[in-house]
2 protein chains.
Amino acid sequence: MEKLPQKTVERLSQYRRLLMRYQYLDKPYIFSRDLASMLKINPVHVRRDLMLLGVSGSHSKGYDVQNLIRQISLKLECGAGKSTCIIGFGHTGRAALEIFAADFTPMNVKAVFDTSPKSINKSFYNVPCYSMEKMVSIIEEQNISLAILTEADEELENLINLLIALGINGILNLTSAQLSLPSGYHLEEFDLITAMIKLAYFSGK
Amino acid sequence: MEKLPQKTVERLSQYRRLLMRYQYLDKPYIFSRDLASMLKINPVHVRRDLMLLGVSGSHSKGYDVQNLIRQISLKLECGAGKSTCIIGFGHTGRAALEIFAADFTPMNVKAVFDTSPKSINKSFYNVPCYSMEKMVSIIEEQNISLAILTEADEELENLINLLIALGINGILNLTSAQLSLPSGYHLEEFDLITAMIKLAYFSGK
């Protein structure tokens, strides 16, 4: 199946995120123009994206919110079986697990790896925490293909090489270290310090 | 003073991030072409950016790493006095504080606000944690202009309106809620779930 463009995936994910919050307002329907205005994007884009999903709305009521969430999740293959691990279980790792545990589509986090005896052999949100020594065998046994990196140290290059050798093909980098992956591997990054520098630089006078 | 373009700020921040890591390799100098190749960007861009900083390198040795970090930080006005608060001190708030505390330029985090009696009236990395009730007075007294949001609830809209009324002009949104700010206010966002959806969608077959 052909992949959607990156921007479409981002927009669909934004609709989903907004609708997840909207559903708590006890409004079962939403108009595409309201979705567009809340996200400050062109209503034409929204309608085109919703057509792509194959959902249709009612003229008088708009779109069924629950159905939209479901169709977007299907289209984006949310929780379609790719198994994920979190490497490092400090505050960043815990924040990530907490967010994925709270989301209604399971992100399939299968394992957490950490060095702290306080966490090892315990479960958090039903996800077991293993020692780093167990990483190779667990990634292989559980067929894990995605990794979330939450802590950087001098061994990071070695870790990346190991992950790739183990069959990991996508990495979400939440550390402050700059990563690069061989072509063919997908990298998502978030650098909190860059975000904060931009915020401080561009806000106010 | 005229602001740099957004892309330049991002690139400078990337150099800084890479150099911060590079300095631990005990290599005091770096060539612009190495910086470019590590970041997979055009060397012409790198040289233009470094000229903008007013630093010059040696033909045989390259650029002084420590000086580059310092000049980039100056240019980006890192820690130039804008005071920040973190709202919500769960794992996400703690991860943010930890990252800013570890960075060599102080991001001027002046206060953390939380509802948990376990955290209130304690200090973390020398940053005091206050109850939410103290938010108005502390933001005013400490002249805080930036806020990092780490937890979303139904009161989020009210919170945003209050922050704006108190003079906050930039927000880093680390919650999974979709925000929009009036024009003139700067918003940086990171949505972990969108990042993870993109990662799962685009990696592998």
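Everything numeric here is computed off the predicted structure, so don't read it as measured data.

Right, let's get into the state of the cysteines. Disulfide: a covalent bond formed between the sulfur atoms of two cysteine residues. Residue and element names in this part refer to chain A. Within the structure shown, the criterion is met by zero disulfides over all chains. The thiol of Cys 129 is unpaired, and the distance to the nearest cysteine sulfur, on Cys 85, comes to 11 Å. The buried category is assigned to Cys 129, whose relative accessible area is 1%.

So, on to the sheet that holds strand β3 (residues 83-87) of chain B. Residue and element names in this part refer to chain B. Within the open sheet, the seven strands sit side by side as β5-β6-β4-β3-β7-β8-β9. Their pairing is mixed. The sheet is open, and its two borders are formed by β5 (123-124) and β9 (186-189), each paired with just one other strand. One ladder, built from four bridges, connects strand β8 (residues 170-173) with β9; its direction is parallel. From the neighbouring strand, Ile 171 faces β9, where its bridge partner is Leu 187.

This part is about empty space enclosed by the protein. Summary: where empty space remains is shown by rolling a probe the size of a single water molecule over the atoms. The final tally for this structure, using the stated rule, is two cavities of 30 Å³ or more. As for the largest cavity, its lining consists of 14 residues, and the residues nearest its centre are Thr 92 and Phe 190 of chain A together with Thr 92, Leu 174 and Phe 190 of chain B. Elements with a minimum of two residues in the lining of the largest cavity: α5 (91-102) of chain A together with α5 (91-102) of chain B. Residues of the lining of the largest cavity, tallied by class, amount to 12 nonpolar, two polar and no charged.

Residue and element names in this part refer to chain B. In this fold, Arg 11 is placed in helix α1 (residues 6-22). When its relative accessible area of 14% is taken as the criterion, Arg 11 is described as buried. Ignoring anything within four residues of it in the chain, the contact list for Arg 11 reads Ile 41, His 45 and Asp 49.

This paragraph deals with the interface of chain A and chain B. Every contact between the two is made by 69 residues of chain A and, on the other side, 68 residues of chain B. Note on chain A versus chain B: buried area summed over both sides is about 6400 Å², and carbon and sulfur give 63% of it. Of all residues in chain A, the largest losses of buried area upon contact with chain B belong to Arg 17, Gln 178 and Tyr 201 of chain A, amounting jointly to 14% of the total for that side. At the boundary of chain A with chain B, the tally comes to eight salt bridges. Residue Arg 17 of chain A is joined to Asp 191 of chain B by a salt bridge in which the shortest nitrogen-to-oxygen separation is 3.4 Å. Counting residues per element, the ones that place at least two in the side of chain A that touches chain B are α1 (6-22), α2 (32-39), α5, β7 (144-149), α7 (156-165), β8 (170-173), β9 (186-189) and α8 (192-202) of chain A.

By the secondary structure assignment, Asp 34 of chain B is in helix α2 (residues 32-39). Distance in space between the C-alpha atoms of Asp 34 of chain B and Val 46 of chain B is 9.9 Å, their sequence separation being 12 residues.

Next up on the list: the layout of surface pockets. Space inside the largest pocket adds up to approximately 1600 Å³. In terms of lining, the largest pocket is formed by 45 residues, of which the most central are Glu 10 and Glu 189 of chain A together with Glu 189, Phe 190 and Lys 198 of chain B. A breakdown of the residues in the lining of the largest pocket according to their chemical character gives 16 nonpolar, 11 polar and 18 charged.

Once chain A has been moved 0.0 Å along the axis and rotated by 180°, it coincides with chain B to within an RMSD of 0.0 Å. Expressed as a symmetry operation, the mapping of one chain copy onto the other fits a two-fold axis. Distance from the rotation axis, computed per C-alpha, reaches its smallest value in chain A at His 91 of chain A: 2.4 Å. Looking at the interface residues of chain A, 99% of them are also at the interface in chain B, so both copies use one shared face.

What follows covers the sheet that holds strand β6 (residues 127-131) of chain A. Residues and elements named next belong to chain A. Here seven strands make up an open sheet; going across it, the order is β5-β6-β4-β3-β7-β8-β9 and the pairing mixed. For this open sheet the edge positions go to β5 (123-124) and β9, each flanked by a neighbour on one side alone. Contacts from α7 reach β3 (83-87), β7 and β8, with the element oriented near 165° to β7.

To continue, consider the environment of Pro 128 of chain B. Here Pro 128 of chain B is to be found in strand β6 (residues 127-131). Ignoring any residue separated from it by four or fewer positions in sequence, one finds Pro 128 of chain B in contact with Lys 110, Ala 111, Val 112, Lys 122 and Ser 123 of chain B.

All right, on to the domain arrangement of chain A then. Each assigned domain of chain A is listed with its residue range as follows: domain 1 (6-75) and domain 2 (83-194). The straight-line distance from the C-alpha centre of domain 1 of chain A to that of domain 2 of chain A is 31 Å.

All right, on to the packing of aromatic side chains then. All names here are of chain B. Scanning all chains against the criterion turns up seven aromatic pairs over all chains. On the basis of an interplanar angle of 35° and a centroid distance of 6.0 Å, the ring pair of Phe 113 and Tyr 130 is categorised as tilted. Taken together, the residues span a long stretch of sequence, with Phe 113 in strand β4 (residues 109-114) and Tyr 130 in strand β6 at a distance of 17 residues. We classify Phe 113 as buried; its relative accessible area is 0%. Consider the rings of Tyr 201 and Phe 202, whose centres lie 5.0 Å apart with planes at 85°: the pair is edge-to-face.

All names here are of chain A. For Lys 40, which is not glycine, the phi torsion reads 55° and is therefore positive. In this fold, Lys 40 is placed in the loop between α2 and α3 (43-53). Despite not being glycine, Asn 143 has its phi angle at roughly 55°, a positive value. Secondary-structure assignment places Asn 143 in the loop between α6 (135-141) and β7.

Residue and element names in this part refer to chain A. Close contact between α1 and α2 brings their axes to 11 Å; oriented N to C, the two are set at 105°. With respect to α2, the element α1 is oriented roughly perpendicular. Residues Gln 14, Tyr 15, Leu 18, Leu 19 and Tyr 22 of α1 lie in contact with α2, whose contacting residues are Leu 35, Met 38 and Leu 39.

Thresholds applied
- Residues numbered from 1 in each chain as written.
- Chains lettered and ligands numbered in written order.
- Predicted model: local features only at pLDDT ≥ 70, side-chain atom pairs only at ≥ 80, totals over all residues.
- Heavy atoms only, no water.
- Disulfide = S-S within 2.5 Å.
- Buried < 20%, exposed > 50% of the residue type's maximum accessible area, 1.4 Å probe, protein only.
- Pairing = 2+ DSSP bridges.
- Helix = DSSP H or I, 4+ residues; strand = E, 2+ residues; numbered from the N terminus.
- 1 Å grid on protein atoms, 1.4 Å probe; cavity = no way out; pocket = protein on both sides within 12 Å on 5 of 7 lines; lining within 4 Å.
- Points joined across faces, edges and corners; volume = space filled by probe spheres on them.
- Nonpolar A, V, L, I, M, F, W, Y, C, P; charged D, E, K, R; others polar.
- Contact = heavy atoms within 4.5 Å.
- Buried area = accessible area lost by both parts, 1.4 Å probe.
- Salt bridge = Lys/Arg side-chain N within 4 Å of Asp/Glu carboxyl O.
- Least-squares fit on C-alpha atoms with pLDDT ≥ 70 in both.
- Axes fitted to C-alpha atoms, helices over the stretch in contact; angles between N-to-C directions.
- Domains from an automatic or database assignment.
- Phe/Tyr/Trp six-rings, centres within 6.5 Å; stacked < 30°, edge-to-face > 60°.
- Parallel < 35°, antiparallel > 145°, perpendicular 65-115°, else oblique.

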